[in-house]
Amino acid sequence: MPSPTIFIVDDDASFLTAVGRMLHASGFVVKAFSSGAEFLAQPELDVPGCVLADLQMPGLSGLELQEALAKAGHGLPVVFLSGHGDIPSTVHAMRRGAEDFLTKRAPKEQLLDAVKRALARDAREREQRARLRELRARFEALTERDREVLQHVLRGQLNKQIAADLGIDERSVKRHRTSIMAKLRVQSVAELTHLVHEAGLASVIS
């Protein structure tokens, strides 16, 4: 796993340099960009880290950059920095999931705290996304008949009832139940139900 990267996006060259040096001296890997477009054009967006973005920039604003990241499916947390932040912009940014909203005069400790929280959130969310992908891969291994049997199992039906509903023999139902449990790596119907909900497939399967 590569070290997290702090992406700083600001059109103020002197501020960009100063913050970059401060974060680098604090032990962080830093990449600096003078515009939102320049940042979005680089290929390394799907890496651990967070974004420090100026709210007001020529071209793509900080809020527009945040929106572009979300639309592209990049979950990097954003910390906004502004020389003249206003309440409506703060509210808008936070509603869209910004980690924090600081003025450029904020103390170093406050900025470092926001960065650490953003990195912790990024690590947590990446782990959650990886878990979700792994769970859904398990469900994708199910055959069409497995899925049909699974739907009935989740409704609490007995093997005899499932067999009657699907027009197959009870032995086949037992075989599919065994296959489902093995592929999904669960031991009980309770675990199975929990896994379906954790994978976000309850409305699709049940």
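The structure displayed is predicted, hence computed values, not measured ones. (Residues numbered from 1 in each chain as written. Predicted model: local features only at pLDDT ≥ 70, side-chain atom pairs only at ≥ 80, totals over all residues. Heavy atoms only, no water.)

A. Molecular detail of the side chain of asparagine 159. Counting through the fold element by element, asparagine 159 comes out in helix α7 (residues 159–166). For asparagine 159, a relative accessible area of 17% gives the class buried. Polar side-chain contacts of asparagine 159 include one of 2.8 Å to the side chain of arginine 177. Excluding residues within four positions of it along the chain, asparagine 159 makes contact with Glu170, Val173, Lys174 and Arg177. (Helix = DSSP H or I, 4+ residues; strand = E, 2+ residues; numbered from the N terminus. Buried < 20%, exposed > 50% of the residue type's maximum accessible area, 1.4 Å probe, protein only. Polar contact = N/O pair within 3.5 Å; in protein donor to acceptor, adjacent residues only side chain to side chain. Contact = heavy atoms within 4.5 Å.)

B. Main features of the pattern of salt bridges. If you walk through the whole model with that rule in mind, you get 15 salt bridges. Put simply, glutamate 198 and arginine 131 hold a salt bridge, and the shortest N to O gap is 2.8 Å. Of the two residues, glutamate 198 sits in helix α9 (residues 189–198) while arginine 131 sits in helix α5 (residues 108–140), which places them 67 residues apart along the sequence. Under the relative-accessibility criterion, glutamate 198 is labelled partly exposed at 33%. With a relative accessible area of 34%, arginine 131 lands in the partly exposed category. Connected via shared salt-bridge partners are Glu99, Asp100, Asp113, Arg117, Arg121 and Glu125. (Salt bridge = Lys/Arg side-chain N within 4 Å of Asp/Glu carboxyl O.)

C. The packing of aromatic side chains, seen in detail. By the definition in use, this model includes four aromatic pairs. Geometrically, the ring pair formed by phenylalanine 7 and phenylalanine 39 is tilted, given 5.3 Å between the ring centres and 55 degrees between the ring planes. Pair noted here: phenylalanine 7 is in strand β1 (residues 5–9) and phenylalanine 39 is in helix α2 (residues 36–41), with a separation of 32 residues, a long-range link. Residue phenylalanine 7 is classed as buried on the basis of its relative accessible area, which comes to 1%. Taking the relative accessible area as the measure of exposure, phenylalanine 39 reaches 0% and is therefore buried. The ring of phenylalanine 15 carries lysine 104 above its face, with NZ or CZ at 4.5 Å from the centroid. (Phe/Tyr/Trp six-rings, centres within 6.5 Å; stacked < 30°, edge-to-face > 60°. Lys NZ or Arg CZ within 6 Å of the ring centre and 35° of its normal.)

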